[in-house]
Every structure is written in C-alpha cells, then in structure tokens.
Amino acid sequence: MKLKIAVLAGDGIGPEIMRQGVAVMDAIADKFHHEVTYQEAICGAHAIDVVGDPFPEETFQICKEADAVLFAAVGDPKYDNDPTAKVRPEQGLLAMRKRLGLFANIRPVQTFKCLLHKSPLRAELVEGADFVCIRELTGGMYFGEKYQDNDKAYDTNIYTRPEIERILKVGFDYARLRNHHLTVVDKANILASSRLWRQIAKEMEPAYPDVKVDYMFVDNASMRMIAEPTFFDVMVTENTFGDILTDEGSCISGSMGLLPSASTGESTPVFEPVHGSWPQAAGKNLANPLAQILSVAMMLEHFGLQEEGSLVRKAVDASLDACVRTPEIQVEGGAVYGTKEVGEWIVNWIKEQ
C-alpha cells in the first residue's frame with residue numbers, strides 16, 4: 001500500500017515523540033513492503049512564532065492532500081499564562097478539526113496488566129477496563145457564539161440534528177464492533193441541547209436492536225468511570241463533556257503517555273496521543289513515546305492493515321513486559337530508558353519478528 005502522511009510534530013515534547021512514531025512506521029513499512037512518504041508541517045505555538053497563525057493555510061493544504069495526519073501535541077506556557085493573548089496554539093487544533101471536518105474523536109481507554117499498580121485507582125477496580133470514548137468534536141460551546149467584556153461572558157452550546165445523528169451513528173457502529181453496549185452521556189435534566197441529544201438517540205435506538213443503550217448524566221458518568229470503569233464499553237457524548245471525560249479516562253491506565261486517539265470525519269483522519277505538549281520536559285528525553293506509537297497502530301488499522309497494527313501493539317506490550325519504559329512507568333530500581341531508547345527498542349523488536 002502507498003500512504004502519504006502529513007507529520008505535525010507541534011510543540012514541547014512533540015518533535016521527540018514524533019521521531020519515534022515515524023521510526024516505527026518506517027519499520028512496519030519495510031517489513032510489510034508498504035511505500036510511505038511524509039510531509040512535515042508546522043502548527044501550534046511553533047507556527048505562531050513563524051507565521052503568526054497556529055494552523056496556517058499551507059499546513060491545511062498539506063493535511064487535506066494527505067491520506068492521514070500523524071499529530072503530536074500543541075501548547076506553550078507563554079500563551080497559557082497570558083489571558084490577553086488573542087492567538088493561542090490550541091486554536092490551531094480547533095481549526096484543524098473544523099476545516100478537515102473531523103467530527104468524531106475516538107479515544108480507547110485500556111489497562112495494561114503489568115501497569116495496574118501505576119493507576120491512581122485500586123488494581124481490582126481497573127483490571128479488565130477496556131472501553132472507547134467517542135466525543136463530538138466540531139460543535140457545542142467550543143464553536144458556538146462567544147462574548148466577553150469586563151463584567152459578562154458567555155459561550156453558546158448549540159447543536160443541530162445532523163451533527164448529533166452522525167456522531168451517534170459512530171457510537172452505535174462502534175458498539176456493534178465491540179460488546180454491543182452503548183452509553184449516551186448528557187445532562188438532559190438541565191440542558192436543552194442534551195435533551196435533543198437524548199431524544200435523537202432514542203429515535204435511533206430501534207435501528208440497532210442488538211445494542212444495549214444506557215443514558216447517563218455526565219456527573220454520574222464521571223463518578224462511574226472512577227468507581228466502576230469496567231462497566232463501560234462504548235461511550236458517546238458532546239464536545240465539552242467529552243473533553244473532560246476522556247482526560248479522566250486516560251488516567252485510568254496509569255499514565256497519559258500510554259493512550260492514542262483518532263479523529264475522523266469528512267476529510268483526512270488525524271491520529272494523535274491524548275496527552276499534551278509537556279513543555280517542561282522538551283528536549284530532555286523523558287517523554288513516553290508509547291501513545292504516539294500506538295497512534296501509528298490506530299492509523300494502520302484505519303487503513304485495514306490489521307496485521308501491521310497488531311504487530312505494533314505487540315511490540316509495545318513486549319517493551320512494557322521487558323521493563324523498557326520511561327521513568328514515570330518504570331518499576332522501582334529498573335533501568336533508565338528515555339524517549340529515544342524506548343522507541344529504538346520497539347523498532348528493533350519489530351525488525352526481529
């Protein structure tokens with residue numbers, strides 16, 4: 001297969017983890033005789049510094065013309081700590097999602113048996129947790145009408161029927177591929193937008209008689225994710241709730257550096273780790289590259305390359321079992337491995353299979 005990949009390393013630790021993701025992709029391409037070409041593009045704070053725009057037109061065109069985007073992270077403290085900044089790195093991420101029509105964010109949450117002790121939850125609670133959060137990505141408060149002055153501010157949480165129907169369809173379809181259990185998360189007891197979500201979900205239910213559907217208020221869902229994460233199979237929700245719940249879910253595994261995600265929709269899909277740019281660690285060879293590498297696995301599987309994606313996942317599992325891990329998940333007294341060393345070990349393991 002021929003694949004053209006747009007590479008957006010972004011800010012902070014992004015370039016370091018991206019190098020390992022690309023190296024793994026190259027190892028897979030070589031082993032399975034695929035032809036992969038890359039085109040790098042700037043985004044986030046780096047792009048603001050260079051051209052004043054966190055998602056420049058040239059970057060958009062590179063993404064649009066690619067088969068997939070491999071993305072790392074954006075963010076920089078100089079913008080986070082300046083509430084008056086008119087242009088921010090995260091605006092580039094929102095622009096990419098909107099311009100590429102990426103309305104569905106898919107975040108798998110799973111645990112690794114050898115890392116259960118690293119979870120902030122008790123091992124008996126998280127063992128076996130394996131679910132998918134599907135977040136609507138281009139609507140809601142993040143994109144609704146906004147206003148702010150010195151005394152008043154508001155954000156408009158607006159959704160339309162077509163926006164809700166298409167993301168719910170993604171949720172129902174994923175449930176059919178997994179354990180036929182879908183949880184629709186909303187705040188229908190308070191919010192009109194949530195009541196429309198619930199109304200439409202109930203209208204769609206009869207078309208999926210093989211899927212068991214639960215409806216859960218977001219406050220209850222956030223509690224249930226901590227108290228009983230094994231309850232969930234597929235969860236679907238709106239943009240703001242999804243942003244919060246997916247970050248909560250990412251901690252269940254014991255490290256945000258372990259989980260990948262995909263954003264799909266009308267145009268080029270984007271594959272990225274769920275964590276941020278961690279600028280304090282940039283250039284220190286500390287960042288865990290596994291989420292970036294597992295994003296490569298998700299990308300391969302998106303193109304139907306199941307064997308290739310499975311080999312990447314097995315390589316990651318092998319590295320964890322061999323205690324080739326970055327410091328935040330290493331066993332006490334274990335050897336010290338950095339971003340580069342973990343990536344190189346995984347590449348070599350793939351080559352040896």
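Just so you know, these numbers come straight off a predicted model, no measurement behind them.

Asks: Which residues make up the overall build of the chain, and what are the values?
Replies: In terms of helices and strands, the chain carries 13 helices and twelve strands. Its C-alpha radius of gyration of 20 Å places the chain within 12% of the 20 Å reference for a compact globule of 353 residues. Overall size of the chain, expressed as C-alpha extent along the three principal axes, is 55 × 50 × 40 Å. Sequence-distant contacts in the chain: of pairs separated by 6 or more residues, those separated by 24 or more amount to 74%. Accessible surface, the chain: about 15,400 Å² in total, of which carbon and sulfur atoms supply 52%. Where the 35 positive side-chain charges of the chain centre and where its 51 negative ones centre are 3 Å apart.

Asks: Report on the state of the cysteines, specifying residues and quantitative values.
Replies: The full count for this structure, using the stated rule, is zero disulfides. Not engaged in a disulfide, the cysteine C133 finds its nearest cysteine sulfur in C251; these two sulfurs lie 12 Å apart. Under the relative-accessibility criterion, C251 is labelled partly exposed at 35%.

Asks: Describe in detail the environment of I106, supporting the description with residues and values.
Replies: In this structure, I106 sits in strand β4 (residues 104–110). Residue classification places I106 among the buried positions, given a relative accessible area of 5%. Put simply, I106 and A73 are 33 residues apart on the chain and 16 Å apart in space, counted from C-alpha to C-alpha. Ignoring sequence-local partners within four residues, the contact set of I106 consists of V132, C133, I134, Y174, S261, A262, T264 and M298.

Asks: So what's going on with the sheet that holds strand β10 (residues 234–237)? Which residues, and what values?
Replies: Taking strand neighbours across the sheet as the criterion, the ten strands line up as β2-β1-β3-β12-β11-β4-β5-β10-β8-β9 in an open arrangement whose pairing is mixed. Of all the strands in the sheet, just β2 (35–40) and β9 (212–217) have a single pairing partner and so form its edges. When strand polarity is set aside, the average angle formed by the axes of neighbouring strands in this sheet is 25°. Sheet analysis places strand β11 (residues 260–264) next to strand β12 (residues 270–273), joined by four bridges and oriented antiparallel. When the bridges of β12 are listed, S261 appears paired with E272. In the packing of helix α9 (residues 218–227) onto the sheet, the strands contacted are β5 (130–136), β8 (181–186), β9 and β10, and the crossing angle to β9 comes to about 105°.

Asks: Could you give an account of helix α13 (residues 339–352), with specific residues and numbers?
Replies: Over its 14 residues, α13 runs 20 Å from end to end, which matches the ideal 20 Å to within 8%, given 1.5 Å per residue. Residues T339, V342, G343, I346, V347, W349 and I350 constitute the buried set of α13. Taken down its axis, α13 places every buried residue within 160° of arc, on the same side. Away from its buried face, by an angle of more than 90 degrees, α13 presents the exposed residues K351 and E352.

Asks: Can you break down the pattern of salt bridges residue by residue, with the values?
Replies: Following the criterion strictly, the structure yields 18 salt bridges and no others. Of the charged contacts, one joins R166 and E266 as a salt bridge, the two residues approaching to 3.1 Å between their closest N and O atoms. Taken together, the positions of R166 in helix α7 (residues 161–177) and E266 in the loop between β11 and β12 put the pair 100 residues apart, joining distant regions of the chain. Note on R166: relative accessible area 25%, which makes it partly exposed. The shortest N-O distance in the salt bridge between D219 and K187 comes to 2.9 Å. Linking D219 in helix α9 with K187 in the loop between β8 and α8 (192–204), this pair joins segments that are 32 residues apart in sequence. With relative accessibility at 43%, the residue D219 sits in the partly exposed group. For K187, a relative accessible area of 17% gives the class buried.

Asks: A description of the packing of helix α11 (residues 290–302) against helix α12 (residues 306–321) should follow, citing residues and the corresponding values.
Replies: Put simply, α11 and α12 touch, their axes get as near as 7 Å, and they point 160° apart. Classified by the interaxial angle, the pair formed by α11 and α12 is roughly antiparallel. Crossing of α11 over α12 shows left-handed handedness. Contacts between α11 and α12 involve L290, I293, L294, A297, M298, L300 and E301 on the former and, on the latter, Q306, E308, G309, S310, V312, R313, V316, S319 and L320. Split into classes, the residues belonging to the contact of α11 with α12 amount to nine nonpolar, four polar and three charged.

Asks: Help me get a handle on the pairing of β10, residues and values and all.
Replies: When a strand is regular, its side chains alternate between the sheet's two faces. Burial along β10 is two-sided: the face carrying V234 and V236 and the face carrying M235 and T237 are both buried. Both β8 and β10 contribute to a ladder of three bridges, which runs parallel. Along β10, the bridge assignment pairs V184 with V236.

Cut-offs applied
- Residues numbered from 1 in each chain as written.
- Predicted model: local features only at pLDDT ≥ 70, side-chain atom pairs only at ≥ 80, totals over all residues.
- Heavy atoms only, no water.
- Helix = DSSP H or I, 4+ residues; strand = E, 2+ residues; numbered from the N terminus.
- Rg over C-alpha atoms; globule rule 2.2 N^0.38 Å.
- Contact = heavy atoms within 4.5 Å.
- Areas by Shrake-Rupley, 256 points an atom, 1.4 Å probe, with all protein chains shown as cover.
- Lys, Arg positive; Asp, Glu negative; His and termini not counted.
- Charge placed at Lys NZ, Arg CZ, Asp CG, Glu CD.
- Disulfide = S-S within 2.5 Å.
- Buried < 20%, exposed > 50% of the residue type's maximum accessible area, 1.4 Å probe, protein only.
- Pairing = 2+ DSSP bridges.
- Axes fitted to C-alpha atoms, helices over the stretch in contact; angles between N-to-C directions.
- Expected span 1.5 Å × (residues − 1).
- Arc of directions from axis to C-beta.
- Salt bridge = Lys/Arg side-chain N within 4 Å of Asp/Glu carboxyl O.
- Parallel < 35°, antiparallel > 145°, perpendicular 65-115°, else oblique.
- Left-handed = near helix turned anticlockwise from the far one by under 90°.
- Nonpolar A, V, L, I, M, F, W, Y, C, P; charged D, E, K, R; others polar.

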